[in-house]
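Coordinates in review
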Amino acid sequence: MPIRTPAAALAAATALAAAVLIATPASAATLREVTGFGTNPGNLQMFRYVPDGLPSGRPVVLALHGCTQNATAYASGTGWTKLADQHRFTVVFPQQRSANNANSCFNWFEPGDTRRGSGEALSIKQMVDRTRQDVGATAAYVSGLSAGGGMTSVMLATYPDVFSGGGVIAGLPYGCANSVASAFNCMNPGVNLTPQQWGDRVRAAFSYSGPRPKVSVWHGTSDTTVRPMNAVELVEQWTNVNGTDQAPDVSDTVGGYPHRVYGGTVEHFEITGMAHGHPVDPGSGSTQCGTAGAYILDVNICAAHHLVRFWGITTTAPTTTTSGPAYTETASGTPTDHYVAGRVDVTEYNTLGARYGYNTSITLYHCGTDWTDKPDCSAI
């Protein structure tokens, strides 16, 4: 939380002097380093952004930078701090040290850093513990780019009891590599295993019978650093872990890009033409975020916004308008597709089915946080 420092002023208007304490205005929320967050066996740094006036009980999101990046640049570029203010959650930005990795990559492939209870994985988990202690955070989510995406897979596999959701951006499956050489092979050309084999690697990380995290996978089709086949393998891994097949229940277009949903627990955004990087959409709109930079790419879609929505941690109230949709994105599918994806409730599903036919593809428009079949955002 911001530190409020009082300033003292002495006024003598009469023979009896009076001391008056004047508080300075509260400073705006900013990214701050947090130390002493545990044993920190991975020797990482912890930076944290807590919105002013954040109530207790809101989630914490961990955002892991990619190679050659740092917490400050990743925080300012990806738009996570804007989303934190907008939807009222804390963001923790773990930072790698060059002493651990010359390129400042998280060591997503090193056995000592990718096991539950050791190395970098434990350091990151301890950041969640500290944030729960300090600000009363409850649910935790984790997302990351490239090596940060690989470490996101590590956290979801080793701490499914801690994280409710994840976002792997230009990242890699859990258990894909266990050395520098195998890490490069995993990145390019990639490793092809069956869904069962990938799922077994996650299950071997920690014996767990509870609900598994929801996972959102993002990848550019022109990524030559971490090949797009890694996104396919990630989808196979997490659909298997979550107990659904590899046939999408929803296949539509969001923000102009192919988007698929599997069983409501795994989604895949295929960013056509994007190279290696984190997708942003600079601007002041409610669905926009970010500032383009190295490995932070302006492709007119804000990954952080869609991750927050997929995880279900938004606080934006539904809006109604007659001047056109507040969102430009649309989603095509049958009434059943839209119901499975959570866009409509059962009453709306029955209305759409009666109106269009249950097996007929229709287009819905996103208005605020509601979906409707009317381009002017009138109700279904």
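Residues numbered from 1 in each chain as written. Predicted model: local features only at pLDDT ≥ 70, side-chain atom pairs only at ≥ 80, totals over all residues. Heavy atoms only, no water.

Here the focus is the overall build of the protein chain. Secondary structure assignment for the protein chain yields 10 helices and 17 strands. Expressed as a percentage of the 380 residues in the protein chain, the buried residues total 51%. (Helix = DSSP H or I, 4+ residues; strand = E, 2+ residues; numbered from the N terminus. Buried < 20%, exposed > 50% of the residue type's maximum accessible area, 1.4 Å probe, protein only.)

Here E348 shows up in helix 10 (residues 346-356). A relative accessible area of 25% means that E348 is categorised as partly exposed. On a C-alpha basis, the gap between E348 and A379 in space is 9.5 Å, while along the polypeptide they are 31 residues apart. Here E348 is in contact with R343 and I380, once residues within four sequence places are set aside. (Contact = heavy atoms within 4.5 Å.)

Across the interface, helix 3 (residues 119-135) lies against helix 4 (residues 147-158) with an axial gap of 10 Å and an inter-helix angle of 75°. Considered as vectors, helix 3 and helix 4 are oriented roughly perpendicular to each other. The segment helix 3 lies against helix 4, with E120, A121, I124 and K125 engaging M151, V154, M155 and T158. For the contact of helix 3 with helix 4, a count of residues per class yields 5 nonpolar, 1 polar and 2 charged. (Axes fitted to C-alpha atoms, helices over the stretch in contact; angles between N-to-C directions. Parallel < 35°, antiparallel > 145°, perpendicular 65-115°, else oblique. Nonpolar A, V, L, I, M, F, W, Y, C, P; charged D, E, K, R; others polar.)

Overall, the coordinates contain 6 aromatic pairs when judged by the stated rule. With a centroid separation of 6.3 Å and 75° between ring planes, the pair formed by W80 and F89 is classed as edge-to-face. What makes W80 buried here is its relative accessible area of 0%. Between W80 and W311, the aromatic rings sit 6.1 Å apart at their centres with planes inclined by 5°, giving stacked as the arrangement. One end of the pair, W80, is in helix 2 (residues 80-87); the other, W311, is in helix 8 (residues 303-311), with 231 residues separating them in the sequence. Here a set of aromatic residues connected by ring pairs shows up, and it is made of W80, F89, Y141 and W311. Between K214 and the ring centre of F310, over which it is positioned, the NZ or CZ distance is 4.3 Å. The lysine or arginine in question, R343, covers the ring of W371, its NZ or CZ lying 5.2 Å from the ring centre. (Phe/Tyr/Trp six-rings, centres within 6.5 Å; stacked < 30°, edge-to-face > 60°. Lys NZ or Arg CZ within 6 Å of the ring centre and 35° of its normal.)

Look at helix 7 (residues 229-241): 18 Å from first C-alpha to last across 13 residues, which is about the 18 Å you get at 1.5 Å a residue. Of all 13 residues that make up helix 7, 11 are buried, and the element is covered over most of its length. By the burial criterion, the buried members of helix 7 are N230, A231, E233, L234, V235, E236, Q237, W238, T239, N240 and V241. Just beyond helix 7, the residue with positive phi is G243, at close to 80°. (Expected span 1.5 Å × (residues − 1).)

Once that is clear, we can look at the sheet that holds strand 3 (residues 32-34). Strands in a sheet are paired, the pairing made by backbone hydrogen bonds, and the direction either parallel or antiparallel. The 10 strands lie next to each other as 3-4-6-5-7-8-9-12-11-10, forming an open sheet whose pairing is mixed. Each edge of the open sheet is held by one strand with a lone partner, namely strand 3 and strand 10 (250-254). The sheet shows a mean angle of 20° between the axes of neighbouring strands, taken without regard to direction. Of the strands in this sheet, strand 5 (60-64), strand 7 (140-145), strand 8 (163-169) and strand 9 (214-220) touch helix 4, which is tilted by about 150° from strand 7. Seen against the sheet, helix 7 touches strand 8, strand 9, strand 11 (257-262) and strand 12 (266-271) and runs at an angle of roughly 170° to strand 9. (Pairing = 2+ DSSP bridges.)

Considering all chains together, one arrives at 3 disulfides under this definition. Note that C67 is cross-linked by a disulfide to C105, the S-S spacing being 2.0 Å. Looking down the S-S bond of the C67 and C105 bridge, the torsion is 125°, so its handedness is right-handed. Here C67 is found in the loop between strand 5 and helix 1 (71-78), whereas its partner C105 is found in the loop between strand 6 (90-95) and helix 3, with 38 residues between them in sequence. Between the sulfur atoms of C289 and its disulfide partner C302 the distance amounts to 2.0 Å. Disulfide C289-C302: torsion about the S-S bond near 95°, hence right-handed. A residue pair is termed long-range when its members are at least 10 positions apart, and C289 in the loop between strand 13 (278-280) and strand 14 (296-298) and C302 in the loop between strand 14 and helix 8 qualify at 13 residues. Grouping residues by exposure puts C289 and C302 together as buried. (Disulfide = S-S within 2.5 Å.)

The tendency in soluble globular proteins is for nonpolar side chains to be buried as a group. If you look at the biggest cluster of nonpolar residues, it comprises 55 residues, and the most contacted ones within it are L62, W108, M151, M155, F163 and W238. In contact with L62, not counting residues within four places along its chain, are V92, P94, I124, V128, Y141, V142, S143 and F163. Residues A29, F47, I169 and A304 belong to the second largest nonpolar core, which totals 35 residues. (Core = buried A, V, L, I, M, F, W, Y, C linked by side-chain atoms within 4.5 Å.)

Turning our attention to the packing of helix 2 against helix 8. One way to put it is that helix 2 packs onto helix 8 with a least axis distance of 9 Å and a crossing angle of 40°. Put simply, helix 2 runs oblique to helix 8. In the crossing of helix 2 with helix 8, the sense of the turn from one axis to the other is right-handed. Of helix 8, the residues touching helix 2 (which contributes W80, L83 and H87) are A304, H305, L307, V308 and W311. Looking at the contact of helix 2 with helix 8, its residues break down into 6 nonpolar, 2 polar and no charged. (Left-handed = near helix turned anticlockwise from the far one by under 90°.)

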